[in-house]
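# Topology and contacts: notes
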Amino acid sequence: MNAVPGTSVYGESLRRFAGKEHRRWDPTRSKLGAGMLRTNGDPAALLPQAGSTVLYLGAGHGTSVSHLYDHLCGQSNRLNGRLVCVDLAPRCLRDLTAMATQRPGLVPVLGDARQHGAWGVLVPTKVPWLFQDVAQAGQVDIFLAACQRFLAPGGVGLLSLKAASERWTGEGEAALFNAVAQRLAEAGLTVVETIDLTGYEDHHRLFHVRNGGLNHA
Amino acid sequence: MWLWYDWRAAAVVDDQGHLVDVIEWDGHMTEHAVVERLRTVARGALIPEAQALAARFPEAKALVHGEPELPATSYPLPSYEQQQLADQAALRLAVEGVQAAASDPDRRLEHLVRGSDELRAHHLTMEARLIEWVGLFFPMTVATDRQAYVRATAQCATSVEFAETMEVEVPPVLPSEVEWRSIQEWAENTANANARLDRMENALRWLAGEHLPSVSALVGPLLAARLCVEAHGRARLARLPSGTVQILGAEKAFFHHLKTGAPSPKHGHIFMHPWISRSPRWVRGKIARMLAGKISIAAKIDAFEGEPWGEAEVAKVEERVEALREANKQPPSRR
């Protein structure tokens, strides 16, 4: 459902059902959307509870963020959600800040996803939902550090992993994805599902993890 | 002992997780003040409350909210209204950060260089079409000075007037009035594009002179700007090996060389410089290699904001160019 009726964020189509405007979620543009279509479990399990505070690392131009906002906050943030979006590129933040001016509860942060100290004060309590899509070397380390610091016990973490951003081990993509799943498990996270996004976003996997007693701070 | 702080409060915590002392910000919370505080925290500096506590408890280790080392306890976190204020401030901070990106001359140079390239290509095709078009009706006119020819076309309201201006007979087949109007407007646009290109290159020269004073002094601002854009920024240009600077812009030939063993390119964009393009073919590679080395030095001076090169340094480089030309007057004999 569109939180800002009458506006299309990235050229997606708008449609009215029963007097309410909905936006088409393009799975080829949003890895979160692709994951929801491809998951074997309940697609809703990938989304945070409406009205909670969530953290999004590597927000990009705000395609996924806009849909997440519709779900989390609703029109004029009537559901009272908070969506903290971090990205490093000023060009991306330009689009995000433009979106944020119409969407209370959307908090854009121009910063490095690894430097928690610089923007961590904007996340006063641990979050039940965390998404990361940074596509750079060491993305697993970044994800683990973020989960440790920001993800509440029992919270859902989603890691979108781009195979080409990791060091090529010569054993193929499947081996790489398995190694990542193992590392996540060793860090105390429960890997709920590894979702293959081939077709929507090639050479990408979406790791759905649950924070099972990583730390109970 | 730890000194915990966020953007609005600070607390000292002992090893058992008891709050020993707390100071909360009691000032008037304006958006501007919160922005300043978020900026302070992002810098890694202490907010005033934390500074006051640090003076009272010098042994406490200062850590920002959320650091894993901090003991778990109930810290004085912001209220709902305060958090909303912080969100607004964060938005302001993000907008300021985005606006600060406009001060990056690398990005501005890129638009100027690529834009003037596009404009030049556009201008040349328009000019060529105009001359062909007018020449169709007036085969006796000769466009020796192409710019003057374009201007003359733009200024003549009718085709007969054009024939008079160019001092040729009025040919039997003439364009209709509306057709001549199209030709004339096309000519106006062409002349405009030319004037715009001049202005754009002036802007480019000025910005390159500011951003890359030494490289501009050495090889001219237009070439300096192009090298900077091709290297993806001044900082990267300064870090590139001079062998790469030498062949920037000749990537196609270079990778062809790597793939097939064809002769390697000796120069990329720096070929535009008359020291290379006006030298005999067999010394170009030598001059290009030397000049690329000098450009690398100049780029490092610019990137680390040292004393820019002036005429004296450029004159020394020119001496080297002359020496290279002098030492290689004859083409190498082929055996």
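Only a predicted model underlies this, so the values are computations on that prediction, with no experimental measurement involved.

### Description of the overall build of chain B
When you go through chain B residue by residue, the secondary structure sums to 15 helices and four strands. The C-alpha atoms of chain B give a radius of gyration of 32 Å, which is well past the 20 Å a tight globule of 335 residues would have. With respect to the principal axes defined by its C-alpha atoms, chain B has extents near 100 × 65 × 40 Å. Look at the contacts in chain B between residues 6 or more apart in sequence, and 62% of them connect residues 24 or more apart.

### What about the overall build of chain A?
In terms of regular secondary structure, chain A is built from six helices and nine strands. What you see for chain A is a C-alpha radius of gyration of 17 Å, in line with the 17 Å of a compact globule of 217 residues. With the principal axes as the frame, chain A shows a C-alpha extent of 50 × 40 × 35 Å.

### Let's talk about the sheet that holds strand 5 (residues 106-110) of chain A
Within a beta sheet, neighbouring strands are joined by backbone hydrogen bonds and run either parallel or antiparallel to one another. Residue and element names in this part refer to chain A. Spatially, seven strands are ordered 5-4-3-6-7-9-8 in an open sheet, and the strand pairing comes out mixed. Whereas interior strands pair on both sides, the edge strands pair on one side only; in this sheet they are strand 5 and strand 8 (189-196). Neighbour to neighbour, the strand axes of the sheet diverge by 15 degrees on average, direction disregarded. Strand contacts of helix 2 (residues 63-72): strand 3 (53-57), strand 4 (82-87) and strand 5, with the helix running at about 165 degrees to strand 4, the strand carrying the most contacts.

### What about the confidence of the model for chain B?
Per-residue confidence for chain B averages 90 on the pLDDT scale, and 100% of its residues sit at or above 70. Confidence metrics for the complex model read pTM 0.74 and ipTM 0.83.

### Concerning the environment of Asp87(A)
Residues and elements named next belong to chain A. Its location among the elements puts Asp87 in strand 4. Separated by 123 residues in the primary sequence, Asp87 and Arg210 have C-alpha atoms spaced 24 Å apart. Beyond its immediate stretch of four places on either side in the chain, Asp87 contacts Gly58, Ala59, Gly60, Cys92, Leu93 and Leu96.

### What about the pairing of strand 3 of chain A?
Residue and element names in this part refer to chain A. With five of five residues buried, strand 3 is to be regarded as a mostly interior element. In terms of strand pairing, strand 3 meets strand 4 through five bridges, oriented parallel. Bridge assignment links Leu55 to a residue of strand 4, and that residue is Val84. Handedness of the crossover joining strand 3 and strand 4 through helix 2: right-handed.

### Considering the sheet that holds strand 2 (residues 9-13) of chain B
Residues and elements named next belong to chain B. With mixed pairing, the four strands of this open sheet are ordered in space as 3-2-1-4. Looking at which strands have only one partner, the edges of the open sheet turn out to be strand 3 (19-24) and strand 4 (61-64). Put simply, the sheet's adjacent strands are angled 20 degrees from each other on average, direction ignored. Sheet topology places strand 1 (residues 2-5) next to strand 2; four bridges connect them, and they run antiparallel. What sits directly across from Trp2, in strand 2, is Val13. Contacts between helix 2 (residues 48-56) and the sheet are confined to strand 1, strand 2, strand 3 and strand 4, with strand 3 contributing the most and set at about 145 degrees to the helix.

### As for the interface of chain B and chain A
Between chain B and chain A, the residue contacts involve 22 residues of the former and 22 residues of the latter. Among the secondary structure elements, those contributing two or more residues to the side of chain B that touches chain A are helix 1 (31-43) and helix 3 (80-100) of chain B. Considering each element in turn, the side of chain B that touches chain A owes the most residues, nine residues, to helix 3 of chain B. Its residues assigned to classes, the side of chain B that touches chain A shows 15 nonpolar, five polar and two charged.

### Describing the packing of helix 3 (residues 90-100) of chain A against helix 3 of chain B
It is the contact of helix 3 of chain A with helix 3 of chain B, at a shortest axis distance of 9 Å, that shows an interaxial angle of 140 degrees. Viewed along their axes, helix 3 of chain A and helix 3 of chain B adopt a mutual orientation that is oblique. Of the two possible hands of crossing, helix 3 of chain A and helix 3 of chain B adopt the one that is left-handed. Here Pro90(A), Leu93(A), Arg94(A), Thr97(A) and Ala100(A) of helix 3 of chain A lie close against helix 3 of chain B, whose contacting residues are Leu91(B), Ala94(B), Val95(B), Gly97(B) and Val98(B). In terms of residue class, the contact of helix 3 of chain A with helix 3 of chain B is made up of seven nonpolar, two polar and one charged.

### Overview of the environment of Leu109(B)
All names here are of chain B. When you line up the elements, Leu109 lands in helix 4 (residues 105-137). Accessibility expressed as a C-beta count within 10 Å gives 22 for Leu109, which makes it buried. In the structure, Leu109 is positioned 116 residues away from Ala225 in sequence and 6.5 Å away in space, judged by C-alpha atoms. Residues contacting Leu109, with those up to four places away along its chain left out, are Leu207, Ala208, His211, Ala225, Cys228 and Val229.

Analysis parameters
Residues numbered from 1 in each chain as written. Chains lettered and ligands numbered in written order. Predicted model: local features only at pLDDT ≥ 70, side-chain atom pairs only at ≥ 80, totals over all residues. Helix = DSSP H or I, 4+ residues; strand = E, 2+ residues; numbered from the N terminus. Rg over C-alpha atoms; globule rule 2.2 N^0.38 Å. Contact = placed C-beta atoms within 7 Å. Pairing = 2+ DSSP bridges. Axes fitted to C-alpha atoms, helices over the stretch in contact; angles between N-to-C directions. pLDDT = per-residue confidence, 0-100. Buried ≥ 20, exposed ≤ 12 C-beta atoms within 10 Å, placed from the backbone. Right-handed = clockwise from strand over helix to strand, strands pointing away. Nonpolar A, V, L, I, M, F, W, Y, C, P; charged D, E, K, R; others polar. Parallel < 35°, antiparallel > 145°, perpendicular 65-115°, else oblique. Left-handed = near helix turned anticlockwise from the far one by under 90°.

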